[in-house]
Amino acid sequence: VNLGYHYPAGLAWNLELWVHPSQGDDGDTGTAEDHPLKSITRALTLAAPRTRIHLAAGRYTNNVETFPLTINDRTVQLLGTNAAQTVIDAGGATSQALRVLDTFGHNRLAHLTVTGGSYSDQFGGGIYCRQCHLDVSHCVIATNEVRWGGQYQDSYGGGLYALRSGVNVTETIFDGNRARGTAYSSAGRGGGLCFDAGYMRIVRTVFRNNGARFEASSYTGGGFGGAAYLENGVARFYGVLAITNHI
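Summarised in this report is the structure supplied together with it.

What counts, and where the lines are drawn
- Residues numbered from 1 in each chain as written.
- Predicted model: local features only at pLDDT ≥ 70, side-chain atom pairs only at ≥ 80, totals over all residues.
- Heavy atoms only, no water.
- Phe/Tyr/Trp six-rings, centres within 6.5 Å; stacked < 30°, edge-to-face > 60°.
- Helix = DSSP H or I, 4+ residues; strand = E, 2+ residues; numbered from the N terminus.
- Lys NZ or Arg CZ within 6 Å of the ring centre and 35° of its normal.
- Pairing = 2+ DSSP bridges.
- Axes fitted to C-alpha atoms, helices over the stretch in contact; angles between N-to-C directions.

Turning to the packing of aromatic side chains, a few remarks are in order. Per the counting criterion, the structure on display carries six aromatic pairs. Aromatic pair Phe 123 and Tyr 156: ring centres 5.4 Å apart, planes at 20°, arrangement stacked. Of this pair, Phe 123 sits in the loop between strand S9 (118-119) and strand S10 (127-137) while Tyr 156 sits in strand S13 (residues 155-156), and the two are 33 residues apart along the sequence. An aromatic cluster is defined as three or more aromatic residues linked by ring pairs; in this entry it consists of Phe 123, Tyr 128, Tyr 156 and Tyr 161. Geometry around Trp 13 places Arg 50 over its ring, the cationic atom sitting 4.3 Å from the centre. Arg 189 extends its terminal NZ or CZ atom over the ring of Phe 224, reaching a point 4.1 Å from the ring centre.

Set out below in structure tokens:
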């Protein structure tokens, strides 16, 4: 059945922005590769619905960025050069590295590393997703931590936490992330990731050296799901390797 002409590229992106951490200027427009912005923070303030942000190689750190970087109520893609060279590092910020909130367009993280998130609350050390669609591809999510000391309240998702969301993860590495409970009857759930309601698809992805722990002053023991913890919803794993994770 011919339902009419379909434009091959799909919907056009409304805005393309470029960011370079050492050569950029947040006073510039960022709309051309040779006139980049300096920070992702500034790019997100300029982002319209359906914006692609191209990240040059380098480290995007707490001395320039304001963490957590937040994509809220609009479709945004953060596109690095490759995960080894394009690094979002929230070290020293004592917050999540990235939040994606209330947006069901084609949000995407690609070819970058997210590290250094350290959040003293219940949900999400590195990346926190709430009521959104998010694709994560060819990324490294490493050395993030969520910890919570509320009695009888657990912490969820050291690397990534997704709530009522649709998340696709492809060819990504979760490495050395932690979910820690630090009070009596408070456990970590999902050192690498935690998923609660919605849909998650994980393809050709590695979980290694992640951990979920219960670390009260009087007792240290196992949590739940050193690599991943699924609370509710539908999750499908294809070609996934989980190694040397612990509880």
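Having seen it, we continue.
To continue, consider the sheet that holds strand S8 (residues 113-115). An order of S3-S6-S8-S11-S15-S19-S23 is seen for the seven strands of this open sheet, with the pairing classed as parallel. If you trace the sheet from one side to the other, it starts and ends with strand S3 (58-60) and strand S23 (241-243), each paired once. Here the average twist between neighbouring strands, direction ignored, is 15°. Sheet analysis places strand S6 (residues 86-89) next to S8, joined by three bridges and oriented parallel. Within the sheet, the bridge partner assigned to Ile 88 lies in S8 and is Val 114.

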